[in-house]
Structures are given as C-alpha cells and as structure tokens.
Amino acid sequence: MLFEQIASGGCRSYLIGCEDTCAAALIDPELGQIDRYLALAARQGLRIRHLIDTHTHADHFSATHSLARRLDIPVAMHRASPAPFVDLRLSDGECIALGKLRINVMHTPGHTRDSMCLRVESRLFTGDTLLMNATGRTDLPSGDPQALYDSLFNRILKLDPALEVYPAHEYQGRDHSTLAQELERNPRLQKRDPSEFVEMMRNLNLSMPFHLTEALRTNLSGGKTVAQLLAEASAMVPFMSLTELKSRTDARDPDLVVLDVRERDAYVNGHVPGARLLPRGQLELRVNDELPDPTQRILTVCEFGRISTLAAATLRDLGFQHAIALDGGMKAWREAGYPIVQGSE
Ligand SMILES: [Fe+2]
C-alpha cells in the first residue's frame, strides 16, 4: 500500500493507494490542504478515486465536496451522514474496492452518529472514535457517550491488538500507535465500566471548537466557507498597493475611480481623497447609475481589504474588466499616515 500522512494543525488526513493500479483514496481531507493532496498524489503517481470523511467534522472544514467537484469522483460517508452531497452511503461491514486494496467499514457511533473506522490491511483509520491517548468528544451534535463506549469496547478494542491506529486528530506530533498501546496507556480506556466511562465523558468540560457553526454549515451543506469565497475572489482580482494608490491620488490620476464600498458613516468619517461612495450592499443595484462606463479602471476600498475584494470580483462579474481592489484597507491607509478627507461627497 502507498501511504501518506498529512498533518495540518491538529488534523490528520491520509492518502492511501494501491501499488498495482495506482488508485487512491483520501481520508478526511481538509479544505486548506487541497493543493498539497493533489501534489502528493501526483508525486506518488496516484490518481485519487475516492474521498472519504470518517464523520461529520465540527472543528475543521472538509475538502471532500470541493475535491469531488474538481476531480469528478464520489464522496463516501456513513449512511447516517446528513450531508446531501454524499454519493456513496456506507454501512457497517461494507468495503470500498480500491484497486487490490479493500477499505473495510465499521460503523462506530459515539463521537458523532455517522462515525466510521476504516480498516485497510494493518492500519485502522479511527477518525475521532479513538485518538492517541484520548477519544473523540461526545458533547457536539449527535455525540453519545454510551454509543462511544460500545463502539470502543465492544468493537474496536476487540480487533487485532497489533492494528496500527491512525486518528483524524493528533496534537502531540505522534505518527501512530497500536490498539495494544492504546489499551495499555490511553487514560480514557482505563474506565472500563460503562457508567464510569459515560460519567467521565459527560464531565470533560471542553471548550467549543472555534469554527463550530461555520464548519457544521459548510460540511453539512457543501456550501462555501467565508475564506473560500474570499480566496476565489482574490484569484480573480488584481490588487493595487497602498503606496501606489497614494502616488496616484497625489498625482490626481484622472483615469482611476476610487470607489469606497463601506457604509456612509465610515466614509464620512474619513476616506481617500477623491474617493466616491457606493456601499457594497447597494453595488449591484446602483452600478448602472453610478458607473456607466464598463471600461473604466475602478479601485475598490473598504476597511480591511476583504469586502473590497468581493466588491471588485462582483464588478468583474458585471463586466468591469478593469476593476481592482486595494491591497489593504482604510485601517492600513490611516496607520500609514496617508491623507484623509472627511465629509460626504
Ligand atoms: Fe470530529
């Protein structure tokens, strides 16, 4: 088996491939690592054929939906997954054929209702059911400590103790462990009485994951993250630096329209000399009156440089081929000590 472990923050993803056929599967891919996965697969001579999430992630953004659209391949999850874009809904005891490899599915609810562990030869991809020296938490949506106890003690821990454990999260930089090692030293697995285990899991008092709402929204719907929207807009828009804009406003460049897309009160409080006001929320509806010439070079400006990027991308969609965004925003402009004009237009 060809095997790559990809760490990003505390998340672990795995690329596994059949040496004979070069077919590969990507387990628990993360949105920020798409280019790395594709580069690793290319370097190994692998073609990714399956995308698998071991469960609905609540703490990071899954790349399965984006990669599935890009590579035109199926997303596989347990059948209990509520995500509408899942193509291959798996049940306990089934397997995915990956060339000569078999990815064996075990339904192991507890961390979430749709959690699976995947056994491939000597490796067990445990998702968030079993971590090194820990287990997944059970206090997020669809978590159930009693179910986790059953999945661990009545399923996973009854497998061959020599199986290597590869979890979806690892925060100490360890590579993998074995079931035997976890049985011996994982502190959560020392509570072998079901009620003691459930009591322990109910009293962990963990803080909520930082991106919980956005991760559940995007992972369950296949929708985009805010960062994705911004990245897509940034790729379609050229930028102008603060110093370049400063020299052009000093020279009163007649060919550049500076468009401040913040709200009126922010504009009145202080804007770039010569800037016009057209708030982002009114852009599409007022563009015909305010900007009759689509060949005009328009530079969008906002407070931090993000809304202006989205506004410039929208203007390009509308046909303004020379729309660009300021690389930075009014905050950086003020901090640089550049000139500011107060009042309305
Ligand atoms: Fe998780």
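Residue indices follow the written sequence of each chain, beginning from 1 at its first position. Under the rules for a predicted model, residues below a pLDDT of 70 receive no local features and side-chain atom pairs below 80 are neither given nor counted, while totals for whole chains, interfaces and linings still include all residues. Working from all heavy atoms in the structure, the side-chain values ignore hydrogens and water.

Draft legend 1. Highlighting the packing of aromatic side chains. When the centres of two rings from Phe, Tyr and Trp lie within 6.5 Å, Trp using its six-membered ring, the rings pair. Their planes under 30 degrees apart give stacked, over 60 give edge-to-face, and anything left gives tilted. Summed over all chains, the structure comprises 10 aromatic pairs. When the ring of Y14 is compared with that of Y166, the centres are 5.6 Å apart and the planes differ by 80 degrees; the resulting orientation is edge-to-face. Of the two residues, Y14 is situated in strand β2 (residues 11–17) and Y166 in strand β13 (residues 164–167); the sequence distance between them amounts to 152 residues. Exposure class is identical for Y14 and Y166. Each is buried. Ring centres of Y149 and F197 lie 5.6 Å apart, and the angle between their planes is 65 degrees; this geometry places the pair in the edge-to-face category. Here Y149 is found in helix α3 (residues 145–153), whereas its partner F197 is found in helix α5 (residues 194–202), with 48 residues between them in sequence. An aromatic cluster is present here, built from F3, Y14, F125 and Y166 joined pairwise through their rings. Whether a charge lies above a ring is judged from NZ of Lys or CZ of Arg, which has to be within 6 Å of the ring centre and within 35 degrees of the ring normal. In this structure, R123 packs its charged tip against the face of F3, placed 3.9 Å from the ring centre. Runs of E in the DSSP output that reach at least two residues are strands. Runs of H or I that reach at least four are helices, and both are numbered from the N terminus. The classification of residues rests on relative accessible area computed with a 1.4 Å probe and restricted to protein chains. Under 20% of the type maximum is buried, over 50% is exposed, and intermediate values are partly exposed.

Draft legend 2. Molecular detail of the pattern of salt bridges. Salt bridges are defined as contacts in which a side-chain nitrogen from Lys or Arg sits within 4 Å of a carboxyl oxygen from Asp or Glu. Applying the stated rule across the entire model yields 18 salt bridges. For R43, the salt bridge is made with E4, and the minimal N-O distance between the two is 4.0 Å. Of the two residues, R43 is situated in helix α1 (residues 34–43) and E4 in strand β1 (residues 2–8); the sequence distance between them amounts to 39 residues. The salt bridge partner of D92 is R155, with a shortest N-O separation of 3.2 Å. Separated by 63 residues along the polypeptide, D92 in the loop between β6 (88–90) and β7 (95–98) and R155 in the loop between α3 and β13 bring together distant segments of the chain. Salt bridges linked by common partners bring D260, R262, E303 and R334 together as one network.

Draft legend 3. View of the sheet that holds β7. Note on pairing: two strands pair once DSSP finds at least 2 bridges between them. Across the sheet, which stays open at both edges, the 6 strands sit in the order β7-β8-β9-β10-β13-β14 with mixed pairing between neighbours. Edge positions in the sheet fall to β7 and β14 (177–178), since each of these pairs with one other strand and no more. Across 2 bridges, the pairing between β13 and β14 is antiparallel. Bridging from a neighbouring strand, V165 pairs with S177 of β14.

Draft legend 4. Up close: the sheet that holds β2. Pairing is mixed in the open sheet, where 6 strands are placed in the order β1-β2-β3-β4-β5-β6. Each edge of the open sheet is held by one strand with a lone partner, namely β1 and β6. Ignoring strand direction, the axes of neighbouring strands in this sheet form an average angle of 25 degrees. Note that β1 and β2 share 7 bridges and pair antiparallel. Counterpart to I6 in the pairing with β2 is S13. Docked against the sheet, helix α2 (residues 64–71) engages β3 (23–27), β4 (47–52) and β5 (75–78), running at close to 145 degrees with respect to β4. Axis lines are fitted through C-alpha atoms, for helices just across the contact stretch, and the angle between N-to-C directions can take any value from 0 to 180 degrees. Contacts between residues were defined by any pair of non-hydrogen atoms, one from each residue, lying within 4.5 Å.

Draft legend 5. Layout of the coordination of the iron ion. For the iron ion, the full set of protein donor atoms is H55 (NE2), H111 (NE2) and D128 (OD), and the range of their distances to it is 2.0 to 2.3 Å. Water is not among the atoms examined, so metal sites may look incomplete; donors are the N, O and S atoms within 2.8 Å of the metal, or within 3.2 Å for Na, K and Ca. All donors to the iron ion come from one chain, and their sequence spacing reads H-x55-H-x16-D. Within this pair, whereas H55 is found in the loop between β4 and α2, its partner H111 is found in the loop between β8 (101–107) and β9 (116–120), the two being separated by 56 residues in sequence. A single burial state applies to H55 and to H111, both of which are buried.

Taken by themselves, the reported measurements are silent on function.
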